[in-house]
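# Architecture and fold: a report
Chain by chain, the residues:
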Amino acid sequence: MKFGVGQSVLRTEDPRFLKGSGRYVADIAPPDLSYGFVLRSPHAHARIKAIDVTAALAAPGVLLILTGKDADAEKIGILPATPPIAFGGPAKAFMALHQVLARGTVRHVGDPVAFIVAETTHQARDASELIKVDYEPLPAVIVTDAAAKPGAPLVWDGAPDNIWYALERGNKAEADAAFRNAPHVVKLRIHNNRIAANSMETRTALGEFDAARRRSTLHTSSQMPHKVRAGLAGAVFREPEMNFRVVAPDVGGGFGMKGGVYPEDAMVVWAARKLCRPVMWAAERSEGLQSDSQARDCISVASLALDAKGKILGLKIETDFAQGAYLTASAGVPSGLGSLAYTNCYDVPAAHVLYRHVYTNTVPMGPYRGAGKPEAVYLMERLMDTAARELKMDPAELRRKNYIKPASVPYKTPFTAVHDSANYEAVMDKALRAADYEGFAPRRKESLRNGKLRGRGIAYFMEIAAPFNDRMEIRFDENGTVTIVSGTHNHGQGHETVYAQMLVEWLGLDFHSIRMIQGDTDQVGFGRGTYGSRSMTIGGSALKHASEVMIEKAKKMAGHVLEAAPGDIQFKEGKLTVVGTDKSIALVDLAKRAFAPVGWPADLGIGLEAVGTFTPTRSNFPNGCHVCEVEVDPDTGKVEIVRFTAVDDSGVIINPLLFEGQIHGGIAQGIGQALMENVEFDPVSGQLLSGSFQDYAMPKADDMPNFNLEELGDFCKSNPIGVKGAGESGTVGAPPAIIGAIVDALKDYGVTDIAMPATAARVWAAMQGGKAKAA
């Protein structure tokens, strides 16, 4: 069916973006707009002894200055965060909740100290330089693996040893027993480097206040507008949600970073209330690097026990996750989800993990594309590569020996995740063929003749996707056009296109007659937004339910119009027909008739609309195999990815073109982390050393190879439309494949591991270290 499920339909959203007609928060310009600027702490840890704003208030154009003292006086609350009990942690733990403006103490470089509002951004920035803050510097702890050591400076007095909470999964006694007599044990210490989301659109917020109705509106670049409204109303201002409207218009990327209430969201709403005029704040790129939630930054010590033939016997892991100075809204998600994924797609009989969350005087941490699964899978795949080398086995064959088998599903891991499909070996075999795995040796020789070192890496990954329930609506208009009211949020995924394809397939509608509403809490009754690769599974399944509800409603209406019992009405390809006759009516025509002002039965209601929901009973497990080949310049250490193959199992593919776009983007971000991206702080002062794109390297188009992508979808049984997540897959699989390829290229130098990011300098140093060791 043209424009139906399975078709590579071009994104209907693209023309407006390509023509510069998108409507982002910064494009909204209400009358009498004023502008905010945030004065931030230059210290990683300091006591605020005094703040003098007198000179700044007298500066040209300044309208208002807010500080922590004002927040106290006006009883402004703090930002909410999910407690650890939601992730299986303790009921009680010290919650380092984020204040809107620092009160008494700053705890990281970039901590908000004052909010200046003026007629222009330049005036607000200039005035900020006139604010006098008397700081008393305090000892700081910056490095993750130093946070819980004896004698480390405390970020918070209420968190002994700087630990938010610790949690164990699996069975320690069984894991210890597996290791006790294991013929072979491999052990690694891995630091998964800290990275920043750096969405194309920086965080932006616009607050407005309707004084007559005592109602605030926040326009914000958010993935979850209803969650932001709940946080503002319940935690910050402590008022009913009906007093707040949150609108997330076009959003230029989020990746998990735009997933909750930020201090600046509260600041603009608060300031707009006080001034009774709109207030806009937009982050500069350097500001985002010290205030957007960051990700990864966990240190693991892991051991893998195997028998003499390479069969896994047990797994033991201890991991410290950095939390930064404050808890973001979903701070516990990466560890909570990631700890379920450590066994990846392998049959691991016994496993135990102990993980701790540690506070540091750094930027707060949160989910970022993959949210814990990239960290877990990277660790397991590096263990598998190390085991293959030490056992002198082909890395692919060691994986084959240990995959969960299809006959074993449903398979419950030691960490309680339940795999409902296990097509792993078939996916890997397709990837090996597509990558010409057997033809690698001649390519390696050719690279060597050209003065380059060639290496090959393989990684298998398993994602955990699609959490929580959601809601979708379908509404016919009087003229027969259709509106989808979406509880998910499209910020680059292509929902406007794909949801319309679903209605073409299920309701036989004209693709061009469908529009979508999202991101406005006044127009969308409820929605959880988009994150965790959930939208096609949860939103799509809810839309399927709404379609089914609509068809049942339409059968009753058609029974009236066609003078037949509803049970005798059949729906097919957009038409309702009396079975065994030629009497029929198109769904669109029926919907138009349902708006008749007279003559329409009262019990059938006015118009045609339906609400659908979907509540998953368990997550789904997108998975796939990546094969990467790199060339390393031995003189400079520069790494070039020369071949990259990915085969994915994401179940039913609704739109292959958009699906591949999601995989492309994920791999690109995985390449960024593996080769160049890194948030770096001075380990003593806590100053951000990668505070701009001059120092924080982002991948560019010429860093990318041509991706060879294929699919081998296994219908997902845990939702009615058979889909699995896709948005995070590339980010999970790419880093271990790339690092594995680099290590393979350097094996003659005695290099057995290399830390991310594998920059040219780091690779060159590893080669020199290997030479020295050999000498």
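Residues numbered from 1 in each chain as written. Predicted model: local features only at pLDDT ≥ 70, side-chain atom pairs only at ≥ 80, totals over all residues. Heavy atoms only, no water.

## A word on the nonpolar core
Our working rule: Working definition of a nonpolar core: buried Ala, Val, Leu, Ile, Met, Phe, Trp, Tyr and Cys residues. They are joined through side-chain atoms within 4.5 Å. Three exposure classes are used, based on accessible area relative to the maximum for each residue type with a 1.4 Å probe and protein chains only: buried under 20%, partly exposed in between, and exposed over 50%. Here, residues are in contact when the closest pair of their heavy atoms is within 4.5 Å.
Of all hydrophobic cores here, the largest spans 109 residues; its most connected members are Leu304, Leu675, Ile738 and Ile742. Setting aside chain neighbours within four positions, we find isoleucine 738 in contact with Cys628, Ile641, Phe644, Gly670, Ile671, Ala674 and Leu675. Counting 49 residues, the second largest nonpolar core, distinct from the first, contains Ala465, Ala542, Ala594 and Phe614.

## Description of unusual backbone geometry
Among all residues except glycine, the phi angle is most often negative; among peptide bonds, the trans geometry is most common. The following threshold applies: Each helix is a run of H or I in the DSSP string that is no shorter than four residues. Each strand is a run of E no shorter than two, and both are numbered from the N terminus.
A cis amide bond, omega -5 degrees, links valine 409 with the succeeding residue proline 410. For proline 410, the location among the structural elements is in the loop between helix H11 (395-402) and strand E18 (411-412). Of note, the amide linkage connecting methionine 756 to proline 757 takes the cis form, showing an omega dihedral of -5 degrees. One can find proline 757 in the loop between helix H18 (729-745) and helix H19 (760-774). We note that lysine 392 has phi near 55 degrees; this positive angle belongs to a residue other than glycine.

## Details of the packing of helix H10 (residues 373-391) against H11
To characterise two packed helices, one gives the angle between the axes of the helices and the distance between these axes. Formally: What counts as an axis is a line fitted to C-alpha atoms, over the stretch in contact for a helix, and the angles between N-to-C directions run from 0 to 180 degrees. Angles below 35 degrees are treated as roughly parallel, those above 145 as roughly antiparallel, those between 65 and 115 as roughly perpendicular, and all remaining angles as oblique. By definition, turning the near helix anticlockwise from the far helix through less than a right angle yields a left-handed crossing, and turning it clockwise yields a right-handed one. For this scheme, ten residues count as nonpolar: Ala, Val, Leu, Ile, Met, Phe, Trp, Tyr, Cys and Pro. Four count as charged, namely Asp, Glu, Lys and Arg, and the remainder, Gly too, count as polar.
The interhelical angle for the contact between H10 and H11, taken along N-to-C directions, is 115 degrees, at an axis separation of 9 Å. Comparing the axis directions of H10 and H11 gives the class roughly perpendicular. Crossing of H10 over H11 shows right-handed handedness. Of the residues in H11, those touching H10 at Glu381, Met384, Asp385, Ala387 and Ala388 are Pro395, Leu398, Arg399 and Asn402. Each residue belonging to the contact of H10 with H11 can be placed in one class, and the counts come to five nonpolar, one polar and three charged.

## Points about the packing of helix H17 (residues 656-675) against H18
For the pair H17 and H18, the least separation of the axes is 7 Å and the interaxial angle reads 45 degrees. Relative to H18, H17 is oriented oblique. Crossing handedness for the pair H17 and H18: right-handed. Contact residues: H17 offers Ile663, Gly666, Ile667, Gln669, Gly670, Ile671, Gln673, Ala674 and Leu675, while H18 offers Ser729, Gly730, Thr731, Ala734, Pro735, Ile738, Ile739 and Ile742. Looking at the contact of H17 with H18, its residues break down into ten nonpolar, seven polar and no charged.

## So, the packing of aromatic side chains
Note the threshold: In summary, the pairing rule links any two rings of Phe, Tyr or Trp, Trp by its six-membered ring, whose centres are within 6.5 Å, and it sorts them by plane angle into stacked for under 30 degrees, edge-to-face for over 60 and tilted for everything else.
Summed over the entire model, instances satisfying the criterion amount to 13 aromatic pairs. Ring geometry for tyrosine 346 against tyrosine 403: centres 5.7 Å apart, planes inclined by 10 degrees, an arrangement best described as stacked. Taken together, the residues span a long stretch of sequence, with tyrosine 346 in the loop between helix H9 (333-338) and strand E17 (350-359) and tyrosine 403 in the loop between H11 and E18 at a distance of 57 residues. Classification of tyrosine 346 as buried rests on a relative accessible area of 0%. By relative accessible area, tyrosine 403 is classed as buried at 2%. Ring geometry for tyrosine 403 versus tyrosine 460: centroids 5.2 Å apart, planes at 65 degrees, classification edge-to-face. Here the residue tyrosine 403 occupies a position in the loop between H11 and E18, and tyrosine 460 occupies one in strand E20 (residues 453-462), the gap between them amounting to 57 residues. Taken together, Tyr346, Tyr403, Tyr424 and Tyr460 form an aromatic cluster joined through their ring pairs.

## Let's talk about the pattern of salt bridges
Here is the rule: Definition used for salt bridges: Asp or Glu carboxyl oxygen within 4 Å of a side-chain nitrogen of Lys or Arg.
The full count for this structure, using the stated rule, is 52 salt bridges. Close ionic contact of arginine 400 with aspartate 429 constitutes a salt bridge, the shortest N to O distance being 2.8 Å. Residue arginine 400 is found in helix H11, and its partner aspartate 429 is found in helix H12 (residues 424-434); the two are separated by 29 residues along the sequence. With a shortest N-O distance of 2.9 Å, arginine 444 and aspartate 744 are connected by a salt bridge. Separated by 300 residues along the polypeptide, arginine 444 in helix H13 (residues 440-449) and aspartate 744 in helix H18 bring together distant segments of the chain. Of the residues examined, arginine 444 reaches a relative accessible area of 22% and is grouped as partly exposed. Salt bridges sharing partners connect three or more residues here, namely Asp436, Arg443, Arg454, Glu629, Glu631 and Arg643.

## Quick notes on the pairing of strand E3 (residues 62-67)
Applicable threshold: Here, a strand pair is defined by DSSP locating no fewer than two bridges between the strands.
With five of its six residues buried, E3 lies for the most part within the structure. Bridge count for E3 against strand E5 (residues 112-118) is five bridges, and the pairing is antiparallel. In the strand pairing of E5, leucine 64 is matched with valine 117.

## Some thoughts on the sheet that holds strand E7 (residues 163-170)
If you trace the five strands from one edge of the open sheet to the other, you get E7-E17-E16-E15-E8, paired in mixed fashion. In this open sheet, the two edge strands, each paired with only one partner strand, are E7 and strand E8 (184-192). Neighbour-to-neighbour, the strand axes of this sheet turn through a mean angle of 10 degrees, independent of strand direction. Bridge analysis of strand E16 (residues 312-324) against E17 gives ten bridges, and the strand direction is parallel. Counterpart to aspartate 320 in the pairing with E17 is arginine 356.

## A closer look at H10
Keep this limit in mind: Multiplying 1.5 Å by the residue count of a helix minus one yields the expected span of that helix.
Compared with an ideal rise of 1.5 Å per residue, which puts 19 residues at 27 Å, H10 spans 26 Å between its outermost C-alpha atoms and is within 8% of the ideal. With 16 of 19 residues buried, H10 lies mostly within the body of the structure. Lysine 392 sits one or two residues past H10 and shows a positive phi near 55 degrees.

## Examining the pairing of strand E28 (residues 623-632)
For E28, the tally of buried residues reaches ten of ten residues, placing the bulk of the element in the interior. What you see with E28 is no split at all: Asn623, Cys625, Val627, Glu629 and Glu631 on one side and Gly624, His626, Cys628, Val630 and Val632 on the other are buried throughout. By the bridge criterion, ten bridges tie E20 to E28 in an arrangement that is antiparallel. Within the sheet, the bridge partner assigned to arginine 456 lies in E28 and is glutamate 629. For E28 and strand E29 (residues 639-649), the ladder comprises ten bridges, and the chain directions are antiparallel. Its bridge partner lying in E29, valine 627 is registered against threonine 645. If you look at the hairpin formed by E28 and E29, you'll find six residues sitting between the two strands, and glycine 637 has a positive phi there, around 80 degrees.

## Overview of the side chain of serine 330
Filter applied, for reference: Polar contacts here mean pairs of N or O atoms no more than 3.5 Å apart (in protein, one a potential hydrogen donor and the other a potential acceptor; neighbouring residues in sequence count only if both atoms are side-chain atoms).
The topology assignment puts serine 330 in the loop between E16 and H9. The exposure class of serine 330 is buried, given its relative accessible area of 12%. A distance of 3.0 Å separates a polar atom in the side chain of serine 330 from a polar atom in the side chain of lysine 227. Apart from residues no more than four positions distant in its own chain, serine 330 is found in contact with Lys227 and Pro367.

## What to know about the sheet that holds strand E25 (residues 575-578)
The strand order across the open sheet formed by three strands is E24-E25-E26, and the pairing between neighbours is antiparallel. Among the strands making up the open sheet, the edge pair consists of strand E24 (569-572) and strand E26 (584-586). Put simply, the sheet's adjacent strands are angled 20 degrees from each other on average, direction ignored. Sheet analysis places E24 next to E25, joined by four bridges and oriented antiparallel. Each residue of the ladder has a partner; that of isoleucine 569, found in E25, is valine 578. Each of E24, E25 and E26 is contacted by helix H15 (residues 535-562), which is oriented at about 125 degrees to E24, the strand it contacts most.

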